[in-house]
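# Understanding the architecture of this molecule
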Amino acid sequence: MRIEESKKSFSDYKQQIEGHEEYGAFVTIAQEQDNQSSGKLQGVPYSAKDNICTKGMRTTASSKSLQDFVPYYDAKVIALLRGEGALLMGKNTMDELALGSTGLSGYGKVAVNPRDKNLVPGGSTSGGAVAVALGDVAFAMGTDTGGSVRQPAAYCGVVGVKPTYNVISVEGTIAAVSSMDTIGVLASGVEDSAKVVSILSEGKIADNVNQEGVKGIKIGIPKEYFAYENLAPNVKEQVEVCMEELKAQGAEIVEVSLPHFAHSAAVYSIIGTAEVSSNLGKIDGIRFGYRGDGESWDEIILNSRSEGFGIAAKERVIAGTYFLSEDGYETYLIPAQKMRTLIIEDYKKAFQQVDCLLTPTMPTLAYDKTQKSNDDEGIFTVDANLVGIPAISVPFKDAGVQIMANANDEAKMFQLALAVEKLGGGQ
Amino acid sequence: MVEIEKIAQIAFLKLDEDEKAICQKKIENIKKSAEAMLQEDLSAVAPTTKLTTALSYREDMVIPPSKRDDLLSNCKNAENGAFVVPKIVE
């Protein structure tokens, strides 16, 4: 569903969403239209990941620990969309507390991939990608901490964009990794995603995508990505076809090097778990969220967290607590923060040579749900979060093509993304 | 090997044996993935704790403080405008 084609009534959209219950894309479906505002998105149906606070509507983050949490405020992005007349159709399923990349770790309902129900939808913004792929909403709001918008976009065949860090306010979202958390948008086309990002950036990002094609654009191909040992041959082949076609249209393809890429997964895991363990400290069962029984203050907190968190949260909180401990801090966390500096420098140097970087979004296509996930599944998406640069996943054949650009250069990213979308037969 | 029970105590988590094994494996896997990083000479590099490369500022805004009833609206046990918790002073 495209934004400009959104002409139906709230009840028609609601009926369609209810008819797709088997896909598990929604934790909560809005029961009545509560927005009569007029604006740039008037009457356009959208949904929001369930870690984005919605006034009066349950916000569980697909975690038992927040199963009954009803915010008394809207997240900043929800307020902005409300002001533009967009229709909030409900809240999307996700990996628990945005911690995962399969889309399967949420408490309660779990989304399935509309391409094939046996395949993982990708996460953590799984339900949002599924809702867009099904045409239930024109766009879905997500969060992207290490690829959580781009990964499900690639697996479900939709567009997923993560703008520059902090260009869109994260106020009112349930924090995971504060130095990387970014609001993102899933849509069926590049131009729609750009339009929503522009609105949410409050004017910092232009909403008109340059339609002039790719002639003269310098595209960097990071050699380390394409040499990654677990990159599936079919994904590599499809992205290389995309590169050749861009070259034929006048783009300049340049090989670049990101020498510290081999350390990205470790840096992301160490810093990510440390910040997650800190952020989830607020979930204690006292002021909000699931409350366990207990005779003492400590016992209530212990039982609330132990019964409320699933294993996805527990393993990260434990790992993060270790990396923040006396033993882990000096040995692992500080070196990881230093290596992050070198990774940032690598990208700065690369963007002195080229306008954009082009890579696969994921090393493989969506895989069977019964298969164990690869620990390095997000290897191609985490760098954009470590560095803070904008990145987008665009469907091309069966794969997702990722385009990254320099900080605050969304215009170039969207311009190239539109060209890739057209090559892939998209809108 | 990291002492998982000690870490769990700090994190206010109670883990069963399966969960302890999963957490242990998680930490060991991350430590293993970091081995190459620890071989690098990072002595002259400053750590990045927050991103300034892409910093974007917004206007400071005065917002009204939250109302007490709102703050208590998600609490499982509240009385007389306050959170009810067990006594913490003997």
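Structure report, in brief. (Residues numbered from 1 in each chain as written. Chains lettered and ligands numbered in written order. Predicted model: local features only at pLDDT ≥ 70, side-chain atom pairs only at ≥ 80, totals over all residues. Heavy atoms only, no water.)

## Side note on the packing of aromatic side chains
Residue and element names in this part refer to chain A.
- Following the criterion strictly, the structure yields 11 aromatic pairs over all chains and no others.
- The interplanar angle of 90 degrees and the centroid separation of 5.0 Å between the aromatic rings of Tyr 72 and Tyr 73 together place this pair among those described as edge-to-face.
- Residue Tyr 72 is classed as partly exposed on the basis of its relative accessible area, which comes to 24%.
- With 5.6 Å between their ring centres and 75 degrees between their planes, Tyr 228 and Phe 380 make a pair best called edge-to-face. Here Tyr 228 is found in the loop between helix 6 (223-226) and helix 7 (233-248), whereas its partner Phe 380 is found in the loop between strand 9 (356-360) and helix 12 (382-387), with 152 residues between them in sequence.
- Taken together, Tyr 225, Tyr 228, Phe 261 and Phe 380 form an aromatic cluster joined through their ring pairs. (Phe/Tyr/Trp six-rings, centres within 6.5 Å; stacked < 30°, edge-to-face > 60°. Buried < 20%, exposed > 50% of the residue type's maximum accessible area, 1.4 Å probe, protein only. Helix = DSSP H or I, 4+ residues; strand = E, 2+ residues; numbered from the N terminus.)

## Section: the pattern of salt bridges
- With the rule as written, the count across this model stands at 13 salt bridges over all chains.
- For A:Lys14, the salt bridge goes to A:Glu18, with nearest N and O atoms at 3.3 Å. Placement of both A:Lys14 and A:Glu18 in helix 1 (residues 10-19) is noted, with a separation of four residues, approximately one turn of the helix.
- Relative accessible area serves as the criterion here: at 16%, A:Lys14 is assigned to the buried category.
- A:Asp284 serves as the salt-bridge partner of A:Arg287, at 3.0 Å between the closest nitrogen and oxygen.
- A:Arg287 sits in the partly exposed class, given a relative accessible area of 34%.
- Among the charged side chains, a salt-bridge network with shared partners connects B:Glu5, B:Glu17 and B:Lys20. (Salt bridge = Lys/Arg side-chain N within 4 Å of Asp/Glu carboxyl O.)

## Details of the sheet that holds strand 7 (residues 218-222) of chain A
Residues and elements named next belong to chain A.
- Taken in spatial order, the 11 strands line up as 1-3-2-4-6-5-10-11-9-7-8 in an open sheet, and their pairing is mixed. Because the sheet does not close on itself, it has two edges, and the strands there are strand 1 (26-29) and strand 8 (252-256). Strand-to-strand twist across the sheet, computed as the mean angle between neighbouring axes with direction ignored, equals 30 degrees.
- Direction of pairing for strand 7 relative to strand 9: parallel, over a ladder of two bridges. Looking at the pairing, Ile 219 lines up with Cys 356 of strand 9.
- Running over the sheet, helix 3 (residues 126-133) touches strand 1, strand 2 (45-49), strand 3 (87-92), strand 4 (139-144) and strand 6 (182-187) and is turned about 25 degrees from strand 6.
- Strands strand 7, strand 8, strand 9 and strand 11 (399-405) of the sheet are contacted by helix 11 (residues 326-353), whose axis makes an angle of about 115 degrees with strand 9. (Pairing = 2+ DSSP bridges. Axes fitted to C-alpha atoms, helices over the stretch in contact; angles between N-to-C directions. Contact = heavy atoms within 4.5 Å.)

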